[in-house]
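One letter stands for each residue in the lines below.
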Amino acid sequence: MSGQLPQKSARLPVPETPRPDTLRSDARDNRERILAVARTAFGADGLGVPMREIARRAEVGPATLYRRFPTKEALVIEAFAEQMAMCTSIVEDGLSDPDPWHGFCTVIERVCELHAGNQGFTAAFMAAFPHAIDFTTTREQTLRAVGELARRAKAAGHLRSDFVIGDLLLVLQANSGVRAETPADALLAARRFAALQIQGFRALPGAPPLPPPARLPLLPVG
């Protein structure tokens, strides 16, 4: 993927999972435990962790897991729904900033911090969800909003003219590779990494052009 956004899918959405407020207390506890285990497992080992392994770590039977989350897509999307909503809110806040360069920098900083909090979210954000129309649409809208913010920052003369949306995805992938001993260290590392990237994105007189953008394909959920 370079500056181009993925085409919208016309396929059927993921089967709906039961609403949490309609579940019994024990079923609700199982659901929350499954989601907590999934976030941890996906963050540590990637989205390829088998569903049966998620069930084992959550101490529930496979039937219980599949009753709550019929597909891997459904589990991943639900596990990171809150982070996706936060990501969208961050970009909306940046877009509403009257100073587009400040808004752009704030988006880079806050998104890096968000993804550092759970590296599984980076994998989820970069994953291909062929049946999840809502998730895919939200991601595309978020990336388009970043694109509009970048256009404004370029017009103001602060963002280098050869920045493309693929560069943001490259930042997220690189940021997900940061390893730290504690969550506090991970947050500090994410902030420093964001500051370094912002310096590289700043429009400077005489700055050499960037190499051609790389294609960063969305990956299937294992």
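One numbering rule holds for all chains: residues counted from 1, following each sequence as written. Local features are withheld for residues below a pLDDT of 70 in this predicted model, meaning they are given only at 70 or higher, and side-chain atom pairs are given and counted only at 80 or more; totals for whole chains, interfaces and linings count all residues. Water and hydrogen atoms were dropped before computing side-chain values, which therefore reflect all heavy atoms in the structure.

Let's hear about the packing of helix α6 (residues 100-117) against helix α10 (residues 183-201): which residues, and what values?
For any two helices packed against each other, the geometry comes down to the angle between their axes and how far apart the axes lie. Contact geometry of α6 with α10 gives a least axis separation of 8 Å together with a crossing angle of 145 degrees. Remark: the crossing between α6 and α10 carries right-handed chirality. Across the interface between the two elements, Trp 101, Phe 104, Cys 105, Ile 108, Glu 109, Cys 112, Glu 113 and Ala 116 from α6 touch Ala 186, Leu 187, Ala 190, Arg 191, Phe 193, Ala 194, Ile 198 and Phe 201 from α10. Any residue that is not Ala, Val, Leu, Ile, Met, Phe, Trp, Tyr, Cys, Pro, Asp, Glu, Lys or Arg is counted as polar, Gly included; the first ten are nonpolar and the last four charged. Its residues assigned to classes, the contact of α6 with α10 comprises 13 nonpolar, no polar and three charged. The axes are straight lines fitted to the C-alpha atoms, using for helices just the contacting stretch, and the angles between their N-to-C directions are given from 0 to 180°. The helix count covers DSSP runs of H or I at least four residues long, the strand count covers runs of E at least two residues long, and both are numbered beginning at the N terminus. A crossing counts as left-handed when the near helix is turned anticlockwise from the far one by less than a right angle, and as right-handed when that turn is clockwise. Contact definition: two residues touch when any of their heavy atoms are within 4.5 Å.

Just give me the short version of the pattern of salt bridges, but keep the residues and values in it.
Any carboxyl oxygen of Asp or Glu within 4 Å of a side-chain nitrogen of Lys or Arg constitutes a salt bridge here. Per the stated rule, a full pass over the model turns up 10 salt bridges. A salt bridge links Glu 53 to Arg 56; the nearest nitrogen and oxygen atoms lie 2.6 Å apart. Of this pair, Glu 53 and Arg 56 both sit in helix α2 (residues 51-58), three residues apart, which is roughly one turn of that helix. With a closest N to O distance of 2.9 Å, Arg 191 and Glu 113 form a salt bridge. With Arg 191 in helix α10 and Glu 113 in helix α6, the pair connects residues that are 78 residues apart, well separated along the chain. Under the relative-accessibility criterion, Glu 113 is labelled partly exposed at 26%. A single salt-bridge network, built from bridges that share partners, covers Asp 45, Glu 53, Arg 56 and Arg 57. Only protein chains enter the area calculation, which uses a 1.4 Å probe; residues under 20% of their type maximum are buried, those over 50% are exposed, and those in between are partly exposed.

Tell me what's going on with the confidence of the model for the protein chain, and back it up with residues and numbers.
The predicted model of the protein chain has a mean per-residue pLDDT of 86, with 87% of residues at 70 or higher. Along the chain, pLDDT gives the predictor's confidence residue by residue, from 0 to 100. Per-element mean pLDDT across the protein chain ranges from 65 in strand β2 (residues 219-220) up to 96 in α2. Every residue in residues 1-15 is under pLDDT 50, and counting partners more than four places away or in other chains gives 44 contacts.

Explain the side chain of Thr 122 residue by residue, including any values.
You can see Thr 122 is positioned in helix α7 (residues 119-125). What makes Thr 122 buried here is its relative accessible area of 4%. Any pair of nitrogen or oxygen atoms within 3.5 Å is treated as a polar contact; in protein, a donor-acceptor pairing is required on top of that, and neighbouring residues in sequence qualify only through side-chain atoms on both sides. Polar side-chain contacts of Thr 122 include one of 2.7 Å to the side chain of His 115. Sequence-distant contacts of Thr 122, that is, excluding residues within four places in its chain, are made with His 115, Leu 172, Gln 173 and Ser 176.

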